[in-house]
Structure formats: C-alpha cells, structure tokens
Amino acid sequence: MKILGFIPARGGSKTIPLKNLHKIFNKPLIQYTIESALQSKIFYKIIVSSDHKKILNFTKKFKKISSLKRPKNISGDAASTDSALEHTLNQLAKNKDIKPEYICIIEPTAPLISALSLKKLKNFLKKK
C-alpha cells in the first residue's frame, strides 16, 4: 500500500507570519506533524510543500522528508490545499515517482495528530 504523506505549509499568514515555524513548547509547530508522520512509518514518501525558504530549509533537518517549492501563483491567501497537492502530484509524475494509492494530508496546524492515529488510518484503509 503506497500512502503519500502531504504536509502543506505556506509561509504567508496574515495573522501569524510563518506560523508553521512558530514555537510551541520550544519546538516549531510543523515539527510535531513531521515527527508523527515519521514515527508512524506508514508513508512511502512524506512531502512538505511550501513557498517559503525558511520552512523548506527547516525540513532539511529530517532526512526522510522531501520538500517541494510551491509556486507563488498557488501560495497566496486564496490558494487551496488542492492546488498545492495537484502541483506536488504533477512534480511526482514528472520525476516518474511512484504514484500513490492514497494521500494523507497532514496539516502542520494540527500538532496533536499522533503516529498512532496515522497507523490506525492505514489499518482502516487495509479493511477497504
């Protein structure tokens, strides 16, 4: 079962600029999401899509995380997660990467997602 972990992390937020790097208990918000995704071990690939170099540079700390620079035209306030995901899937296809059977969007603004919850997702999908 090929599950893609997709983390959309845009840099521009009107209320809290670079909120995905804002520290909660001395750890950037996005790090909680990345760690849970890695600990779950259910993804064949985990990709962080961002328009901001600080976020992309931060993700380089994690060897098993791929980062993808998102174009400006799909990075503004009106941009959807769908457009970022479509961009990512197009890039995977261009690189002749493995096409995922499933995609799990893991929002960095939901730091309480656990590795166990993600494992339960895989078990649920196996039953389908």
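Preceding this section is the structure that the text describes.
Fair warning: this is a prediction, and the values are worked out from it, not measured in the lab.

A. Fine view of the overall build of the protein chain. Of the regular secondary structure elements, the protein chain holds four helices and six strands. Scanning the protein chain from its N terminus toward the C terminus, one meets helices and strands in the order β-β-β-α-β-α-β-α-β-α. The globule rule puts the C-alpha radius of gyration for 128 residues at 14 Å, and the 14 Å found for the protein chain is close to it. Along the longest, intermediate and shortest principal axes, the C-alpha atoms of the protein chain span 40 × 35 × 25 Å. Taking all 128 residues of the protein chain together, the buried fraction comes to 39%. By sequence separation, contacts in the protein chain at least 24 residues apart represent 68% of the contacts at least 6 residues apart. Working note: accessible area of the protein chain is about 7,800 Å², and carbon and sulfur atoms make up 54% of it.

B. Spotlight on the nonpolar core. Core analysis: the largest hydrophobic core is formed by 18 residues, its most contacted members being Ile7, Ile30, Ile34, Phe43 and Val48. Where this core is concerned, the elements lending two or more residues are β1 (3-8), α1 (29-40), β4 (45-50), α2 (53-59) and α4 (115-127). Top contributing element to this core by residue count: α1, with three residues. Contacts of Ile7, omitting those with residues within four sequence positions, involve Ile30, Thr33, Ile34, Ile46, Ile47, Val48, Ser49, Ile106 and Pro108.

C. A look at the pairing of strand β5 (residues 65-69). Bridge analysis of β4 against β5 gives five bridges, and the strand direction is parallel. Bridging from a neighbouring strand, Ser49 pairs with Leu68 of β5. Following the chain from β4 across α2 to the adjacent parallel β5, one finds a crossover that is right-handed.

Scoring rules and cut-offs
- Residues numbered from 1 in each chain as written.
- Predicted model: local features only at pLDDT ≥ 70, side-chain atom pairs only at ≥ 80, totals over all residues.
- Heavy atoms only, no water.
- Helix = DSSP H or I, 4+ residues; strand = E, 2+ residues; numbered from the N terminus.
- Rg over C-alpha atoms; globule rule 2.2 N^0.38 Å.
- Buried < 20%, exposed > 50% of the residue type's maximum accessible area, 1.4 Å probe, protein only.
- Contact = heavy atoms within 4.5 Å.
- Areas by Shrake-Rupley, 256 points an atom, 1.4 Å probe, with all protein chains shown as cover.
- Core = buried A, V, L, I, M, F, W, Y, C linked by side-chain atoms within 4.5 Å.
- Pairing = 2+ DSSP bridges.
- Right-handed = clockwise from strand over helix to strand, strands pointing away.

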